[in-house]
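Chain by chain, the residues:
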Amino acid sequence: MEFYEEPHHYVKTIFSDLQGAWENLRVAVADAHPFPESGRLLFHIDEGMSWECVRNLSQMRNALLLIQNIANTNQVPDEVIEAIEDVLEIFHDIPEQQ
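Quick caveat: nothing in here was measured; it's all calculated off a predicted structure.

*Asks:* Residues and numbers for the nonpolar core, please.
*Replies:* In this structure, Leu-18, Trp-22, Leu-25, Val-29 and Val-80 are the most contacted members of the largest nonpolar core, which totals 26 residues. Among the secondary structure elements, those contributing two or more residues to this core are α1 (14-32), α2 (38-48), α4 (57-72) and α5 (78-92). Not counting residues within four places of it along the chain, the set of residues in contact with Val-29 comprises Phe-35, Ser-38, Leu-41, Leu-42, Ile-45 and Val-80.

Here's what the structure looks like:
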């Protein structure tokens, strides 16, 4: 019987950058909580980070648009807006064939 060996290195991809940006967004919202619609934003951020969205980038795009719309129609701290823009920037850098 052959045992699976732990890899000795990992290849960094744009998806690891995207994951980090999502995590930074979640931290920015959690740190600024409470503010109007912060609970709603946290819910949709968790949805955007979910396995279903990672496997279906069009679903992630929809979650990002919803998060952006909620932030744009409410008084959201600047740090949160910047974190949303970071996620969007990396998301738009993903090649279409992914």
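Moving on, there is more to tell.
*Asks:* Can you break down unusual backbone geometry residue by residue, with the values?
*Replies:* Where the residue is not glycine, phi is negative for most of them; where a peptide bond is considered, it is trans in most cases. For the bond running from His-33 to Pro-34, omega is 5 degrees, close enough to zero to count as cis. With respect to the secondary-structure elements, Pro-34 resides in the loop between α1 and α2. With phi around 70 degrees, Glu-37 is a residue other than glycine that occupies positive phi space. Take Glu-37: it is sitting in the loop between α1 and α2. Its relative accessible area of 30% is what places Glu-37 among the partly exposed residues.

Cut-offs used in this document
- Residues numbered from 1 in each chain as written.
- Predicted model: local features only at pLDDT ≥ 70, side-chain atom pairs only at ≥ 80, totals over all residues.
- Heavy atoms only, no water.
- Core = buried A, V, L, I, M, F, W, Y, C linked by side-chain atoms within 4.5 Å.
- Buried < 20%, exposed > 50% of the residue type's maximum accessible area, 1.4 Å probe, protein only.
- Helix = DSSP H or I, 4+ residues; strand = E, 2+ residues; numbered from the N terminus.
- Contact = heavy atoms within 4.5 Å.

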